[in-house]
Amino acid sequence: MSVSLTAPHLLRAARGEVVDRPPVWMMRQAGRYMKAYRDLREKYPSFRDRSEIPEVAIEVSLQPWRAFGPDGVILFSDIVTPLPGLGIEMDIAEGKGPIIHSPLRTQEQIDRLRPLEPEASLPFIKTILQALRQEVGNQSTVLGFVGAPWTLAAYAVEGKGSKTYSVIKNMAFSDPTILHQLLAKFADAIAVYARYQIDCGAQVVQMFDSWAGQLSPQDYDTFALPYQQRVFQQVKETHPDTPLILLVSGSAGVLERMPKSGADIVTVDWAVDMAEARARLGKHVKVQGNLDPGVLFGSKEFIRDRILDTVRKAGNWGHILNLGHGVLPETPEENVAFFFETAKQLKSVEV
Ligand SMILES: Cc1c2[nH]c(c1CCC(=O)O)Cc1[nH]c(c(CCC(=O)O)c1C)Cc1[nH]c(c(CCC(=O)O)c1C)Cc1[nH]c(c(C)c1CCC(=O)O)C2
């Protein structure tokens with residue numbers, strides 16, 4: 001392992017170096033809880049504009065960086081952003097999330113999908129990531145992200161978010177052959193996209209398999225895990241030194257399966273106690289998390305106690321401090337500021 005004194009804090013921790021305090025960032029740290037974001041949203045009401053016009057996406061990505069100085073700056077984008085490049089038209093609706101105009105339900109539709117060519121269909125990603133690296137230098141780590149095959153397939157097949165996942169589960173349990181074809185195509189496209197993000201400047205990549213927690217462990221092993229592996233394996237072939245993070249929402253029942261994906265870092269949500277997560281995963285697996293985003297509605301003292309508790313339970317190696325999922329839109333901005341200030345003042349002596 002090469003040890004670089006100039007590499008930013010989060011990247012060093014993600015590579016397994018011992019650092020003086022856990023690096024900290026927040027999922028969804030750019031977004032609606034920030035007034036600066038809401039103001040910009042009035043000028044650019046379309047999510048696709050906010051995430052695909054480079055100057056706007058750069059500005060949004062940097063809003064939390066300027067306000068709180070997190071150790072990680074994540075690209076402002078969405079997991080469905082690459083889908084039009086495969087021939088899947090989509091939009092992101094206010095308050096609802098992704099909408100796929102013609103949900104994928106047939107063999108013909110899956111046969112028609114194109115391989116992803118990021119230079120052609122996602123050129124704005126390069127402009128954004130290069131600008132973020134330029135702006136934060138070695139003061140912070142630039143994170144890229146992708147959606148995992150199962151979660152993207154859930155959107156593509158359902159056509160929108162779902163509570164029950166009935167359509168994709170119908171396909172999974174009655175016509176698995178076409179779903180496996182779709183998952184394989186998505187895995188290859190996502191690997192290409194993750195490699196592209198790294199080539200453009202992303203120093204760490206997080207894969208969101210948000211809806212894989214909807215699967216029983218047995219079905220996770222069939223429909224989620226093999227395709228997570230397929231993505232991570234392809235990325236590691238060309239970019240072995242880029243740390244890869246995996247998130248599954250509601251992962252308590254599949255936690256031990258997550259490192260089998262090939263991820264370097266496993267995101268833990270607040271349904272699992274961090275000390276128990278450490279015990280279940282073993283001491284060689286790095287973790288990220290895991291405060292309940294709702295903690296940020298509490299008093300400053302309460303927020304501080306929960307940070308300390310999490311950091312103590314995680315121990316002083318291989319931990320990226322984060323919420324267990326995205327920050328909630330109603331969160332007071334000053335509490336987010338307090339979270340970051342407190343986290344950045346931690347020293348290993350305290351933990
Ligand atoms: C499932 C998923 C999606 N998108 C994403 C996931 C995986 C993360 C997770 O598990 O939550 C990933 C995502 N989407 C967005 C980011 C931004 C980067 C960050 O700051 O973390 C990230 C990492 C921006 C966004 N993507 C979206 C918003 C909200 C719309 C807005 O702010 O205008 C943001 C900030 C839209 C979106 N897009 C999606 C949803 C569920 C929504 C929210 C719908 C809503 O509540 O309005 C799909």
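Placed above this text is the structure.
Residues numbered from 1 in each chain as written. Predicted model: local features only at pLDDT ≥ 70, side-chain atom pairs only at ≥ 80, totals over all residues. Heavy atoms only, no water.

Now for the nonpolar core. Formed by 126 residues in total, the largest nonpolar core has its most connected members in Trp150, Leu179, Leu182, Phe186, Tyr220 and Phe339. Per element, the largest residue contribution to this core is 14 residues, and it comes from helix α11 (residues 176-199). (Core = buried A, V, L, I, M, F, W, Y, C linked by side-chain atoms within 4.5 Å. Buried < 20%, exposed > 50% of the residue type's maximum accessible area, 1.4 Å probe, protein only. Helix = DSSP H or I, 4+ residues; strand = E, 2+ residues; numbered from the N terminus.)

This part covers the sheet that holds strand β8 (residues 286-291). Taken together, the 7 strands give an open sheet; going across it, the order is β1-β4-β5-β6-β7-β8-β9, and neighbouring strands pair in parallel fashion. Strands with a single pairing partner mark the edges of an open sheet, and in this sheet they are β1 (72-74) and β9 (319-323). Across the sheet, the mean angle from the axis of one strand to that of its neighbour is 25°, orientation sign disregarded. Here β8 runs beside β9; their pairing, made up of 5 bridges, is parallel. Bridged to Leu291 within β9 is Leu323. Set on the sheet, helix α12 (residues 217-238) makes contact with β5 (204-208) and β6 (244-247); between it and β6 the angle comes to about 165°. Relative to β9, helix α14 (residues 300-314) is tilted by about 145°, and along the sheet it contacts β8 and β9. (Pairing = 2+ DSSP bridges. Axes fitted to C-alpha atoms, helices over the stretch in contact; angles between N-to-C directions. Contact = heavy atoms within 4.5 Å.)

Turning our attention to the pairing of β8. Extensive coverage of β8 is indicated by the burial of 6 of its 6 residues. Pairing between strand β7 (residues 265-268) and β8: 4 bridges, direction parallel. Note that in β8 the partner of Val266 across the bridge is Val287. The β-α-β motif built from β7, the intervening helix α13 (residues 274-281) and the parallel element β8 has right-handed crossover chirality. Read from β8 through α14 to β9, the crossover connection turns out right-handed. (Right-handed = clockwise from strand over helix to strand, strands pointing away.)

This paragraph deals with the side chain of Gln234. By the secondary structure assignment, Gln234 is in helix α12. Within the structure, the side chain of Gln234 is placed 2.8 Å from the side chain of Asp188, a separation counted as a polar contact. (Polar contact = N/O pair within 3.5 Å; in protein donor to acceptor, adjacent residues only side chain to side chain.)

What follows is about the packing of helix α9 (residues 149-158) against α11. The contact between α9 and α11 brings their axes to 9 Å, and the two run at 120°. Classed by the angle they form, the pair α9 and α11 counts as oblique. Here the hand of the crossing between α9 and α11 comes out right-handed. Counting all contacts with α9, which are made through Pro149, Trp150, Leu152, Ala153, Ala156 and Val157, the residues of α11 involved are Leu179, Leu182, Leu183, Phe186, Ala187 and Ile190. (Parallel < 35°, antiparallel > 145°, perpendicular 65-115°, else oblique. Left-handed = near helix turned anticlockwise from the far one by under 90°.)

Among the 25 residues in the neighbourhood of the ligand, the closest are listed as Arg28, Tyr37, Arg50, Ser210 and His325. Contact distances for the ligand include 3.2 Å between an oxygen atom and a backbone N or O atom of Gln29. Measuring from an oxygen atom of the ligand, one finds a backbone N or O atom of Ala30 at 3.3 Å. Surface burial for the ligand is 91%, taken as the share of its 850 Å² of free accessible area covered by protein chains. Sorting the residues of the shell around the ligand by element identifies α3 (47-52) and β3 (97-100) as the ones contributing at least two each. (Near = heavy atom within 4 Å. Areas by Shrake-Rupley, 256 points an atom, 1.4 Å probe, with all protein chains shown as cover.)

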